[in-house]
Amino acid sequence: MLLVMLGPPGSGKGTQAGRLAESLNLVHFSTGDMLRDNLKRETELGLKAREYMEKGDLVPDQLILDMIMETLSADTGKDGFIFDGFPRTIPQAEGLDKMLERMNNKLDAALNLQVSDNEVIKRLSGRYFCPKCQRTYNYPANLPKKEGYCDVCDVPLQKRKDDTEAVVKNRLEVYKKQTEPLIDYYDRKSILQDIDGEREIDVIFGDLVSQARNL
Ligand code: AMP
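Residues numbered from 1 in each chain as written. Predicted model: local features only at pLDDT ≥ 70, side-chain atom pairs only at ≥ 80, totals over all residues. Heavy atoms only, no water.

Considering helix 3 (residues 44-55)
- Turning to helix 3, its buried residues number three or more, namely L45, G46, A49 and M53. Angular distribution of buried residues about the axis of helix 3 spans 75 degrees; they occupy a single face of the element.
- Buried residues in helix 3 make contact with helix 2 (31-40) and helix 4 (61-72).
- Two residues or fewer past helix 3, G56 is found with a positive phi of approximately 85 degrees. (Buried < 20%, exposed > 50% of the residue type's maximum accessible area, 1.4 Å probe, protein only. Helix = DSSP H or I, 4+ residues; strand = E, 2+ residues; numbered from the N terminus. Arc of directions from axis to C-beta. Contact = heavy atoms within 4.5 Å.)

Following this line, the structure appears as structure tokens:
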């Protein structure tokens with residue numbers, strides 16, 4: 001099964017994609033997490049991506065497509081992929097379609113989490129993550145059991161550098177200009193599924209699982 005998770009920054013894509021991957025035995029492929037890992041390890045890709053990420057701009061399409069290509073061609077032993085934070089532009093979506101076509105495969109669905117601008121700003125200003133396992137938490141909606149510490153790793157939570165007010169504003173603008181057109185792109189291919197992303201995390205997850213199981 002091949003799924004794409006769409007939605008503005010802070011819509012819950014990462015959380016929901018992680019849970020879906022676990023329950024459907026899929027590889028959770030988050031381009032944001034992969035880029036942050038490259039940044040931390042100071043790889044060539046990480047160094048190239050840094051200036052874009054710090055401003056909240058998109059990393060050039062070709063760098064992202066090369067990264068995807070490497071992963072898609074590896075045998076993962078799972079039942080498919082869920083792409084989270086990818087594609088972010090029409091050229092990335094077209095690049096993905098071409099790669100899959102060469103592998104005699106195609107996307108099953110694009111799951112679009114709908115969340116308003118106000119809610120996005122509210123969520124991102126209260127978002128923290130675990131530097132060890134990348135799990136995210138939100139104040140006050142999705143609190144860790146022990147304040148300030150990851151439930152799984154028990155290490156202190158951190159705030160992402162690109163979750164500051166100015167960068168969040170730019171990320172939202174970038175989303176509207178470059179990523180939102182993908183909603184139409186997948187609608188025209190009749191694989192778009194809209195999901196109200198402003199409900200309880202478990203309710204949204206239940207909805208996503210039943211939609212994916214009906215594909
Ligand atoms: P995310 O964790 O998905 O919010 O991504 C964090 C940052 O990584 C974005 O603001 C971009 O700078 C970069 N990034 C992640 N995925 C992509 C992508 N598919 N295309 C371009 N840039 C990306």
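Some points on the sheet that holds strand 7 (residues 192-196)
- Here we have five strands laid out as an open sheet, ordered 2-3-1-4-7, and parallel in their pairing. Pairing within the sheet leaves two strands with one partner each, and these edge strands are strand 2 (27-30) and strand 7. With strand direction ignored, the average angle separating the axes of adjacent strands in the sheet is 20 degrees.
- Where strand 2 lies against strand 3 (residues 81-84), four bridges are found, and the strand directions are parallel. Bridge assignment links V27 to a residue of strand 3, and that residue is F81.
- In the packing of helix 9 (residues 201-213) onto the sheet, contacts are made with strand 1 (2-6), strand 4 (109-114) and strand 7, and the angle to strand 7 comes to roughly 160 degrees. (Pairing = 2+ DSSP bridges. Axes fitted to C-alpha atoms, helices over the stretch in contact; angles between N-to-C directions.)

Concerning the packing of helix 7 (residues 165-179) against helix 8 (residues 181-188)
- Following both chains from N to C, one finds helix 7 and helix 8 inclined at 35 degrees, their axes separated by 6 Å at the closest point. Every residue of helix 8 that contacts helix 7 at Y175, K176, K177, Q178 and T179 is listed here: P181, L182 and I183.
- Looking at the contact of helix 7 with helix 8, its residues break down into four nonpolar, two polar and two charged. (Nonpolar A, V, L, I, M, F, W, Y, C, P; charged D, E, K, R; others polar.)

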